[in-house]
Amino acid sequence: MSDVGVAWEARLEALWRSLDAREPGEFVSSMDALVDELPPGSAIGAFERAAARDSTGRPAEAVPLYEAALAAGLPGIRRRRAVIQMASSMRNLGDSKRAAGMLAAELEQPVDELEPAVRAFLALALADLGREREAVAMSLSALSGYLPRYNRSLARYAEDLLDRP
């Protein structure tokens, strides 16, 4: 059972919509106050705290909160968002190897609307690791689903990049 209700989620959504109109510290404080309404140890609360810090340029503070959210059993689409966002933060902090590992493992999960994001952020981590050919293949794979035509061809070419030296 989720520890949040519809009214809380609506207030959360409104807070996120206000991100660009607020000072970073004030946004984080507002998020912390909203999350304080949740039960202690809430996975959703840890995730939202992490995302607020990430979105205000504090990735080093975000990573442990993402880890806590995942360890607490973060449910639904937020779980996948946490993996993507944590991997991106880790990459920004210089740990592209761990980020790539997390995102590669995430590709084993069922496909959903965030699959292209997993692939795109994995491409960034691979490029950081000097694996540019794999990064291009991953990028093309992510892009292939959005083209009005040539989807299958582009996806096959992306796979071919990995098969050829």
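To be clear, the structure that these remarks concern was listed above.
A tally of helices and strands in the protein yields nine helices and zero strands. For the protein, the sequential pattern of α-helices and β-strands runs α-α-α-α-α-α-α-α-α. Projected onto its principal axes, the C-alpha positions of the protein cover 55 × 30 × 30 Å. Taken over 165 residues, the protein has a buried fraction of 39%. Considering only residue pairs separated by 6 or more positions, the protein has 50% of its internal contacts joining residues 24 or more positions apart. As presented, the protein carries roughly 9200 Å² of accessible surface, and 56% of it is formed by carbon and sulfur atoms. Of note, the protein has its 20 positive side-chain charges centred 5 Å away from the centre of its 25 negative side-chain charges.

So, about helix α5 (residues 76-92). Compared with an ideal rise of 1.5 Å per residue, which puts 17 residues at 24 Å, α5 spans 25 Å between its outermost C-alpha atoms and is within 8% of the ideal. Of all the residues in α5, the buried ones are Arg78, Arg80, Ala82, Val83, Ile84, Met86, Ala87, Ser88, Ser89 and Met90. Those residues of α5 that are buried are in contact with α1 (6-17), α3 (43-55), α4 (59-71), α6 (96-106) and α7 (115-128). Downstream of α5 by a residue or two, Gly94 has a phi angle that is positive, lying close to 100 degrees.

The next thing to look at is the side chain of Asp32. For Asp32, the position within the fold is in helix α2 (residues 24-35). Excluding anything up to four places from it in sequence, Asp32 contacts Arg49 and Arg53.

Turning to the nonpolar core, a few remarks are in order. The biggest cluster of nonpolar side chains holds 41 residues, and the ones touching the most others in it are Trp8, Met31, Tyr66, Leu74 and Leu103. Only α1, α2, α3, α4, α5, α6, α7 and α8 (132-144) provide two or more residues apiece to this core. Of the residues forming this core, the biggest block, seven residues, is contributed by α3. If we skip the residues at most four places from it in the chain, Leu103 touches Val83, Ile84, Ala87, Val118, Phe121 and Leu122.

Relative to the helices and strands, Trp16 is located in helix α1. Owing to a relative accessible area of 23%, Trp16 belongs among the partly exposed residues under this scheme. Remark: the alpha-carbon pair of Trp16 and Phe27, spanning 11 residues in sequence, is separated by 8.7 Å. Excluding anything up to four places from it in sequence, Trp16 contacts Phe27, Met31, Glu48, Ala51, Ala52 and Ser55.

Turning our eyes to something else, we now look at the pattern of salt bridges. Per the counting criterion, the structure on display carries 18 salt bridges. Salt-bridge contacts for Asp32 lead to Arg49; the nearest nitrogen and oxygen are separated by 3.0 Å. Remark: Arg49 occurs in helix α3 and Asp32 occurs in helix α2; sequence separation between them is 17 residues. Classification of Asp32 by relative accessible area gives buried; the value is 17%. In this structure, Glu115 engages Arg119 in a salt bridge whose closest nitrogen and oxygen atoms are separated by 3.5 Å. Of the two residues, Glu115 and Arg119 are both situated in helix α7; the distance of four residues between them amounts to about one turn of the helix.

Our focus in this paragraph is the packing of aromatic side chains. Tallying each qualifying case throughout the model produces two aromatic pairs. Note on Phe47 and Tyr66: the rings are 6.1 Å apart at their centroids and 45 degrees apart in plane angle, and the pair reads as tilted. Here the residue Phe47 occupies a position in helix α3, and Tyr66 occupies one in helix α4, the gap between them amounting to 19 residues. A relative accessible area of 0% means that Tyr66 is categorised as buried. Sitting above the plane of the Tyr150 ring, Arg149 keeps its charged end 6.0 Å from the centroid.

Cut-offs used in this document
- Residues numbered from 1 in each chain as written.
- Predicted model: local features only at pLDDT ≥ 70, side-chain atom pairs only at ≥ 80, totals over all residues.
- Heavy atoms only, no water.
- Helix = DSSP H or I, 4+ residues; strand = E, 2+ residues; numbered from the N terminus.
- Buried < 20%, exposed > 50% of the residue type's maximum accessible area, 1.4 Å probe, protein only.
- Contact = heavy atoms within 4.5 Å.
- Areas by Shrake-Rupley, 256 points an atom, 1.4 Å probe, with all protein chains shown as cover.
- Lys, Arg positive; Asp, Glu negative; His and termini not counted.
- Charge placed at Lys NZ, Arg CZ, Asp CG, Glu CD.
- Expected span 1.5 Å × (residues − 1).
- Core = buried A, V, L, I, M, F, W, Y, C linked by side-chain atoms within 4.5 Å.
- Salt bridge = Lys/Arg side-chain N within 4 Å of Asp/Glu carboxyl O.
- Phe/Tyr/Trp six-rings, centres within 6.5 Å; stacked < 30°, edge-to-face > 60°.
- Lys NZ or Arg CZ within 6 Å of the ring centre and 35° of its normal.

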